[in-house]
Amino acid sequence: MRVLVSIKRVVDYNVKIRVKADNSGVDLANVKMSMNPFCEIAVEEAVRLKEKGVATEIVVVSVGPSTAQEQLRTALALGADRAILVESAEDLTSLAVAKLLKAVVDKEQPQLVILGKQAIDSDNNQTGQMLAALSGYGQGTFASKVEVSGDSVAVTREIDGGAQTVSLKLPAIVTTDLRLNEPRYASLPNIMKAKKKPLEVLTPDALGVSTASTNKTVKVEAPAARSAGIKVKSVAELVEKLKNEAKVI
Amino acid sequence: MSHRNSEDIKSIREGVRALCAEFDAAYWRKIDEEKGFPEAFVSAMTQAGWLSAMIPEEYGGSGLGLAEASVILEEVNYCGGNSGTIHGQMYNMFTLLRHGSDAQKTYYLPKLASGELRLQSMGVTEPTTGTDTTKIKTTAVRRGDKYVINGQKVWISRIQHSDLMILLARTTPLAEVKKKSEGMSIFLVDLRETIGKGLTVQPIANMVNHETNELFFDNLELPADSLIGEEGKGFRYILDGLNAERTLIAAECIGDGRWFTEKSSAYARDRVVFGRPIGQNQGVQFPIAEAHIEIEAADLMRWRACEEYDSGINAGASANMAKYLAAKASWEAANACLQTHGGFGFACEYDVERKFRETRLYQVAPISTNLILSYVAEHLLELPRSF
Ligand SMILES: Cc1cc2nc3c(=O)[nH]c(=O)nc-3n(C[C@H](O)[C@H](O)[C@H](O)COP(=O)(O)OP(=O)(O)OC[C@H]3O[C@@H](n4cnc5c(N)ncnc54)[C@H](O)[C@@H]3O)c2cc1C
Ligand SMILES: Cc1cc2nc3c(=O)[nH]c(=O)nc-3n(C[C@H](O)[C@H](O)[C@H](O)COP(=O)(O)OP(=O)(O)OC[C@H]3O[C@@H](n4cnc5c(N)ncnc54)[C@H](O)[C@@H]3O)c2cc1C
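Residues numbered from 1 in each chain as written. Chains lettered and ligands numbered in written order. Predicted model: local features only at pLDDT ≥ 70, side-chain atom pairs only at ≥ 80, totals over all residues. Heavy atoms only, no water.

- Chain B appears in an unreviewed UniProt entry as Acyl-CoA dehydrogenase from Pseudomonas reinekei.
- On record in UniProt, under Cofactor (unreviewed entry), the comment for chain B is "FAD". (UniProt positions renumbered as here; feature names shortened; annotations may be inferred.)

- Under the annotation held in an unreviewed UniProt entry, chain A carries the name Electron transfer flavoprotein subunit beta and is attributed to Pseudomonas reinekei.
- UniProt lists a comment for chain A under the heading Sequence similarities (unreviewed entry), and it reads "Belongs to the ETF beta-subunit/FixA family."
- Annotation of chain A in UniProt includes, under Subunit (unreviewed entry), the sentence "Heterodimer of an alpha and a beta subunit."

Below, the structure is given as structure tokens:
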């Protein structure tokens, strides 16, 4: 069974985000970039499926700038077999990414597609769902457990009230939540081997997908700095402040 | 070897950083407090193949050069860890690779690569001879199919966490050799077979939480095939590995140095006294800037040493000078970092005092600064030998 994993290049989670002076976006100059942590979990899950003998091939795909090859190499070092970069220098909307992934799904015919539930840069949490709609496959989002048996997959989902298990017919779409697994780090021999694994570069044009956006970013602003807290002397004062200053009760 | 800015080197840096992220400052602080050994870290580094970087591929390693190996150790120290717990295997492996017999190599190297065995220890230094290595008093006498070892060693590191040790001993008395560097031999000692059977290990409590020991040999019998290479040529074999060792230590110091200057700058930007960040005062920023310059300069010498070594050119001068410059620069960076932190530098939770102690070692071991100066004076500047 072939598993397709999509990964995104994002600002590393340790970096303190800075907004550009002209408010056009986040400043990426000299900023450390990494694989989105939810995508790392997706890669790990695919590798575990392969180790269990369930998956036979792992194809990892990223939509992004040519530098996203670095993250694809990381995924190859973690155990993916080959990589596809759909190269686009533009900042694409989730829908455009989902359309490109749909084209890759058509081309590769995977039985299972694993994505992160969201990317830590824009936190949209919609690409997986959109891909499911476009491809007509069942979806198991926010997965904390994935079990493939025969031609179906049982996905335990993290939902507000607890956990829910859905059974999906393959091919299916899964998006990962934090507790699904703990990703490994790559070993030196695998990092060296990753350099020799195939990495194919495609363009949206070659896939016949238009990525024209219907969204326009008006302005990007940093959240207001948190001001210092205060101590209140009595419950009455607290209630008064919640009512009249915070206006929450 | 890979170019210093190549994709290979970049991916090695990232790979080591990813592993080190699992062993954060709190991990190292705890090990230091408990005077423990970072077993989990060493196992993880071994399992992920980092310690077998330089073992050739046919023996199960990655067949990389000194440049790549140096980056691995540099990154460990840069991430706040201590490569002193792992570097032994990197350079001891060379001695075996370069001078071991085919039988020794095919038996041991794959086991070192897989992590089944560790070769983390090298026994050279002795209490009464110190740096004057050719005067060592530990002897190995051939008796039938055995060598019998008697003598004493000091500061022999990682013995309790290694399976094997390379031991230097005299096989021909000093009085009977033409050149004092002759008549010494090296042996591959299986610590599992010898501790308690002629070899006694006495741990030395020390400043840097280094697992290091005194060794006592009392008629220890080694099988004759423990000898590495030819009898009498051991000192040359040991020297052969030293250029690699010095370059690796230089890289560790550079990792330390970068850790210190980043830590210093971050603290100096944030800490406000007298109504402004302390880093706004030249008295605070200049020592940090100076340390940064010196680390970057030392790094250039380190890369020169790596490039020479990996292309088969004699790297003696560069390796020694790199070790000298890097150990000095990291110490100055450490001092600036402690000073920048004021009283807080002395608090264990900032990690500065720990790294400060750790990096100080490298001006003394594995070779002291004075001996590098003597080397440069004598061998590069053709001044009369001073001792
Ligand atoms: C933590 C630690 C770990 C170690 N691990 C190992 C190990 O695993 N294996 C091993 O074999 N050894 C090990 N060593 C030993 C280390 O290599 C020696 O400490 C080092 O070589 C210096 O030798 P010494 O301590 O006997 O100093 P000495 O030789 O007594 O020197 C003392 C001082 O005198 C100076 N000096 C000596 N001779 C001269 C001269 N002719 N001109 C100018 N100055 C001179 C030296 O520079 C030094 O500053 C370790 C040491 C330490 C502290
Ligand atoms: C072991 C220990 C015991 C102590 N015991 C006591 C005690 O019993 N009682 C007590 O009251 N205190 C005690 N102290 C506190 C000690 O006096 C302070 O640590 C010291 O005065 C420095 O203050 P700080 O740590 O806040 O450093 P900071 O004031 O933050 O200074 C940090 C660094 O910035 C430099 N710096 C700051 N401003 C300037 C400037 N304008 N120009 C140039 N450089 C500048 C400083 O020289 C220093 O290097 C102790 C500290 C230690 C470590």
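1. A short note on the overall build of chain A
At step 1: When helices and strands are counted, chain A shows six helices and 11 strands.
At step 2: The proportion of buried residues among the 249 residues of chain A is 44%.
At step 3: Excluding contacts between residues fewer than 6 apart, the proportion of contacts in chain A whose partners are at least 24 apart in sequence is 68%.
At step 4: Carbon and sulfur atoms make up 51% of the accessible area of chain A, which totals about 13,600 Å².
At step 5: With 33 positive and 29 negative side-chain charges, chain A shows a separation of 2 Å between the mean positions of the two kinds. (Helix = DSSP H or I, 4+ residues; strand = E, 2+ residues; numbered from the N terminus. Buried < 20%, exposed > 50% of the residue type's maximum accessible area, 1.4 Å probe, protein only. Contact = heavy atoms within 4.5 Å. Areas by Shrake-Rupley, 256 points an atom, 1.4 Å probe, with all protein chains shown as cover. Lys, Arg positive; Asp, Glu negative; His and termini not counted. Charge placed at Lys NZ, Arg CZ, Asp CG, Glu CD.)

2. Quick notes on the pattern of salt bridges
Residues and elements named next belong to chain B.
At step 1: Going through the model one piece at a time under the given rule, you end up with 45 salt bridges over all chains.
At step 2: In this structure, Arg-258 engages Glu-74 in a salt bridge whose closest nitrogen and oxygen atoms are separated by 3.0 Å. Taken together, the positions of Arg-258 in helix H8 (residues 234-270) and Glu-74 in helix H4 (residues 66-78) put the pair 184 residues apart, joining distant regions of the chain.
At step 3: Taking the relative accessible area as the measure of exposure, Arg-258 reaches 19% and is therefore buried.
At step 4: On the basis of relative accessibility, which here comes to 2%, the residue Glu-74 falls in the buried class.
At step 5: One salt bridge connects Arg-98 with Asp-240, and the closest N-O pair in it is separated by 3.5 Å. Of this pair, Arg-98 sits in helix H5 (residues 87-99) while Asp-240 sits in helix H8; the two residues are 142 residues apart in sequence, bridging distant segments of the chain.
At step 6: Three or more residues joined by partner-sharing salt bridges are found here, namely Arg-13, Arg-17, Glu-74, Glu-75, Arg-258, Glu-296, Asp-299 and Arg-302. (Salt bridge = Lys/Arg side-chain N within 4 Å of Asp/Glu carboxyl O.)

3. Quick word on the domain arrangement of chain B
Residues and elements named next belong to chain B.
At step 1: We note that the domain assignment places domain 1 (3-114), domain 2 (121-232) and domain 3 (236-380) within chain B.
At step 2: Between the C-alpha centres of domain 1 and domain 2 the distance comes to 24 Å.
At step 3: The partner domain 2 presents 17 residues to the 19 residues of domain 1 that form the contact.
At step 4: On the domain 1 side of the contact with domain 2, Phe-37, Asn-92 and Gln-104 bury the most area, a combined 34% of that side's loss.
At step 5: Seen at the junction of domain 1 and domain 2, the total is zero salt bridges.
At step 6: The tally of links from domain 1 across to domain 2 stands at seven residue pairs in polar contact (both at pLDDT 80 or more).
At step 7: For the side of domain 1 that touches domain 2, the secondary structure elements donating two or more residues are helix H2 (25-33), H5 and helix H6 (102-114). (Domains from an automatic or database assignment. Buried area = accessible area lost by both parts, 1.4 Å probe. Polar contact = N/O pair within 3.5 Å; in protein donor to acceptor, adjacent residues only side chain to side chain.)

4. Points about helix H3 (residues 94-108) of chain A
Residue and element names in this part refer to chain A.
At step 1: If you check H3, its first and last C-alpha atoms are 20 Å apart, about what 15 residues at 1.5 Å a residue would give, namely 21 Å.
At step 2: Turning to H3, its buried residues are Ser-94, Ala-96, Val-97, Ala-98, Leu-100, Leu-101, Ala-103, Val-104, Val-105 and Glu-108.
At step 3: Where H3 is buried, its residues touch strand S1 (2-7), strand S4 (57-64), strand S5 (82-87), strand S6 (112-116) and helix H4 (127-135).
At step 4: Positive backbone phi, approximately 50°, marks Gln-109, located one or two places after H3. (Expected span 1.5 Å × (residues − 1).)

5. What about the interface of chain A and chain B?
At step 1: At the junction of the two partners, chain A supplies nine residues and chain B supplies 18 residues.
At step 2: Between chain A and chain B, a total of about 1,200 Å² is buried, with carbon and sulfur atoms accounting for 61% of that surface.
At step 3: Considering only the side of chain A, the residues that lose the most area to chain B are A:Tyr185, A:Leu188 and A:Met192, jointly responsible for 50% of the buried surface there.
At step 4: Inspection of the chain A/chain B interface yields two salt bridges.
At step 5: Among the salt bridges present, the one from A:Glu70 reaches B:Lys10, with a minimum N-O distance of 3.0 Å.
At step 6: On inspection of chain A and its partner chain B, the count reaches four residue pairs in polar contact (both at pLDDT 80 or more).
At step 7: Here the element with the most residues in the side of chain A that touches chain B is helix H5 (residues 188-194) of chain A; it accounts for four residues.
At step 8: Classifying every residue of the side of chain A that touches chain B gives six nonpolar, one polar and two charged. (Nonpolar A, V, L, I, M, F, W, Y, C, P; charged D, E, K, R; others polar.)

6. A few points about the packing of helix H10 (residues 316-340) of chain B against helix H12 (residues 369-380) of chain B
Residue and element names in this part refer to chain B.
At step 1: For the pair H10 and H12, interaxial distance at closest approach is 10 Å and the crossing angle is 145°. Classified by chirality, the crossing of H12 by H10 is left-handed. Touching Gly-316, Ala-317, Asn-320, Met-321, Lys-323 and Tyr-324 of H10 are Thr-369, Ile-372, Leu-373, Tyr-375, Val-376 and Leu-380, all from H12.
At step 2: Its residues placed into classes, the contact of H10 with H12 shows eight nonpolar, three polar and one charged. (Axes fitted to C-alpha atoms, helices over the stretch in contact; angles between N-to-C directions. Left-handed = near helix turned anticlockwise from the far one by under 90°.)

7. Brief notes about the nonpolar core
At step 1: A:Leu112, B:Phe41 and B:Trp50 are the most contacted members of the largest nonpolar core, which totals 101 residues.
At step 2: Grouped together as the second largest cluster of nonpolar side chains are 22 residues, A:Ile84, A:Val104, A:Val105 and A:Val113 included. (Core = buried A, V, L, I, M, F, W, Y, C linked by side-chain atoms within 4.5 Å.)

8. Some details on the packing of aromatic side chains
Residue and element names in this part refer to chain B.
At step 1: In the structure shown here, the tally under the stated rule is 11 aromatic pairs over all chains.
At step 2: With a centroid separation of 5.8 Å and 65° between ring planes, the pair formed by Phe-94 and Tyr-309 is classed as edge-to-face. Highlighted residues: Phe-94 in helix H5 and Tyr-309 in helix H9 (residues 282-310), separated in sequence by 215 residues. For the pair Phe-94 and Tyr-309, a shared accessibility class is recorded, and that class is buried. (Phe/Tyr/Trp six-rings, centres within 6.5 Å; stacked < 30°, edge-to-face > 60°.)

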